[in-house]
Amino acid sequence: MTYQNLLLEMHGKVALITLNRPQALNALSPELTAELSALLDALEADDSVAAVVITGSEKAFAAGADIKAMKDWSYMDVYKSDFITASWERLTTFRKPSIAAVAGYALGGGCELAMMCDFIIAADTAKFGQPEITIGTIPGAGGTQRLTRFIGKSKAMDMVLTGRMMDAQEAERCGLVSRLVPADRLIEEALAAAEKISQMSAPIAMMAKDAVNRAFETTLAEGIHFERRLFHSTFATEDQKEGMAAFVEKRKPSFRNR
Ligand code: HXC
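Procedures and definitions
- Residues numbered from 1 in each chain as written.
- Predicted model: local features only at pLDDT ≥ 70, side-chain atom pairs only at ≥ 80, totals over all residues.
- Heavy atoms only, no water.
- 1 Å grid on protein atoms, 1.4 Å probe; cavity = no way out; pocket = protein on both sides within 12 Å on 5 of 7 lines; lining within 4 Å.
- Points joined across faces, edges and corners; volume = space filled by probe spheres on them.
- Helix = DSSP H or I, 4+ residues; strand = E, 2+ residues; numbered from the N terminus.
- Nonpolar A, V, L, I, M, F, W, Y, C, P; charged D, E, K, R; others polar.
- Buried < 20%, exposed > 50% of the residue type's maximum accessible area, 1.4 Å probe, protein only.
- Arc of directions from axis to C-beta.
- Contact = heavy atoms within 4.5 Å.
- Axes fitted to C-alpha atoms, helices over the stretch in contact; angles between N-to-C directions.
- Parallel < 35°, antiparallel > 145°, perpendicular 65-115°, else oblique.
- Salt bridge = Lys/Arg side-chain N within 4 Å of Asp/Glu carboxyl O.
- Near = heavy atom within 4 Å.
- Polar contact = N/O pair within 3.5 Å; in protein donor to acceptor, adjacent residues only side chain to side chain.
- Areas by Shrake-Rupley, 256 points an atom, 1.4 Å probe, with all protein chains shown as cover.
- Pairing = 2+ DSSP bridges.

Chemist: Could you clarify how one ought to interpret the layout of surface pockets in this entry?
Modeler: The gaps of empty space that remain are located by a probe, the size of a water molecule, rolled over the atoms. By volume, the largest pocket amounts to about 940 Å³. Lining the largest pocket are 36 residues, with M116, C117, D118, N213 and F216 sitting closest to its centre. Contributions of two or more residues to the lining of the largest pocket are made by α5 (90–93), α6 (109–116), β7 (119–123), α7 (143–151) and α11 (202–214). Taken together, the residues of the lining of the largest pocket sort by class into 19 nonpolar, eight polar and nine charged. By volume, the second largest pocket amounts to about 530 Å³. If you go around the second largest pocket, you meet 24 residues; those closest to its centre are A65, M70, E132, T137 and I138. At the level of secondary structure, the elements contributing two or more residues to the lining of the second largest pocket comprise α2 (67–70) and α6. Class assignment of the residues belonging to the lining of the second largest pocket gives a composition of 15 nonpolar, six polar and three charged.

Now the structure itself:
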């Protein structure tokens with residue numbers, strides 16, 4: 001399949017997806033998000049892919065949903081199509097590890113897309129924001145919910161009500177991003193993190209991701225219970241046997257994804 005709005009490069013077992021609408025600061029048009037969803041379907045089905053990095057350009061990860069596309073939509077247009085459900089949310093059901101590598105603007109839907117990834121590595125040039133209120137709407141792809149869970153109510157309210165941008169340092173301080181790196185090392189660092197993950201057992205990485213994500217969906221007791229059961233189930237895998245045997249034998253494990 002060819003993509004008009006995305007670039008795909010394989011780095012070993014890591015797929016690097018670049019959002020590629022530079023003329024619009026990677027504004028997330030319906031065509032782009034449909035392509036991203038289709039590409040994620042293909043990468044999920046491909047056993048040679050262990051992890052995904054999503055990035056944009058130096059100037060913008062993505063400056064939001066495409067305002068030019070949205071501006072004349074009616075209530076019925078967005079309600080009946082349930083804008084944004086299907087294509088945007090594909091990332092949240094993607095079972096392989098995903099990293100957002102953010103330089104420049106990650107605004108509105110761009111910030112929301114980054115937050116749908118498992119974690120965010122930010123360049124020191126990154127700027128995050130939910131400026132929807134400044135154009136007469138509110139975040140619609142999880143911004144009021146994920147941002148609040150990630151950085152707390154006070155900061156989320158500040159961002160969503162004032163529409164201000166947060167720089168990379170503030171984003172790191174408040175836990176929105178996991179790592180802050182010099183802009184010229186962003187892709188290298190994100191690929192290295194993804195490569196590190198790709199050396200792990202793929203099914204165990206899926207379980208780890210599933211368990212962490214459950215923390216956002218349930219009570220502590222239920223989450224701990226879910227974690228415990230998944231932890232137990234790792235003992236049914238060949239990779240747990242191999243991992244622990246390799247430790248005891250002082251060698252590197254050779255995981256077989258089984
Ligand atoms: C469509 C956009 C766009 C967007 C930028 N562009 N953001 N087009 N949708 N979200 C286009 C501009 O119109 C312009 O096209 C070109 O990209 C370059 O942008 P400039 O504004 O000229 O660049 P600059 O002056 O550097 O300002 C950068 C910026 C600004 C601060 C990021 O572009 C900006 O404020 N963008 C909108 C940010 C925003 O409000 N995002 C939230 C969208 S709503 P032309 O043709 O003029 O050269 C949203 C809701 C999600 O995301 C809800 C779930 C779906």
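Chemist: Please clarify how α7 should be interpreted in this entry.
Modeler: Every α-helix carries 3.6 residues per turn, so stepping three or four residues along brings you back to the same face. Those residues of α7 lying buried are G143, L147 and I151. The buried residues of α7 occupy an angular sector of 15 degrees when the element is viewed end-on, so they sit on one face. Of the surrounding secondary structure, the elements contacted by the buried residues of α7 are α6, α8 (153–162) and β9 (165–167). Immediately downstream of α7, the backbone of G152 shows phi near 90 degrees, a positive value.

Chemist: I keep staring at the packing of α11 against helix α12 (residues 220–234) and nothing clicks. Help me out?
Modeler: For any two helices packed against each other, the geometry is given by the interaxial angle and the distance between the axes. Put simply, α11 and α12 touch, their axes get as near as 9 Å, and they point 170 degrees apart. When the axis of α11 is compared with that of α12, the two are roughly antiparallel. Every residue of α12 that contacts α11 at I204, M207, D210, A211 and R214 is listed here: G223, F226, L230, S233 and T234. Among the residues forming the contact of α11 with α12, the class breakdown is five nonpolar, three polar and two charged.

Chemist: In this structure, what is going on with the pattern of salt bridges? I would like to understand it.
Modeler: It is possible for side chains bearing opposite charge to pair when their charged atoms get close. With the rule as written, the count across this model stands at 14 salt bridges. Across the salt bridge formed by R90 and D41, the nearest N and O atoms sit 2.5 Å from each other. Taken together, the positions of R90 in helix α5 and D41 in helix α1 (residues 30–45) put the pair 49 residues apart, joining distant regions of the chain. Residue class for D41 comes out partly exposed when judged on its relative accessible area of 40%. For E189, the salt bridge goes to R179, with nearest N and O atoms at 3.8 Å.

Chemist: Sorry, what's going on with the site of the ligand here?
Modeler: Close contacts around the ligand come from 25 residues, with K59, A63, A65, K68 and G109 the closest. Between the ligand and the protein, one listed contact pairs an oxygen atom with a side-chain N or O atom of K59 at 2.7 Å. In isolation the ligand offers 1,000 Å² of accessible surface; the protein chains occlude 67% of this area. Contributing elements (two or more residues each) for the shell around the ligand: α2, β6 (105–107) and α6.

Chemist: Would you mind showing me how to read the sheet that holds strand β5 (residues 98–102) here?
Modeler: Within the open sheet, the six strands sit side by side as β1-β2-β3-β5-β7-β10. Their pairing is mixed. The open sheet has two free edges, formed respectively by β1 (6–11) and β10 (179–181), since each of these has just one partner strand. In this sheet, neighbouring strand axes are inclined to one another by 20 degrees on average, regardless of whether the strands run parallel or antiparallel. As paired strands, strand β3 (residues 51–55) and β5 are joined by four bridges and run parallel to one another. Within β5, the position partnered with V53 by the bridge is I99. With respect to the sheet, α1 is in contact with β1, β2 (14–19) and β3, its orientation differing from that of β2 by roughly 175 degrees.

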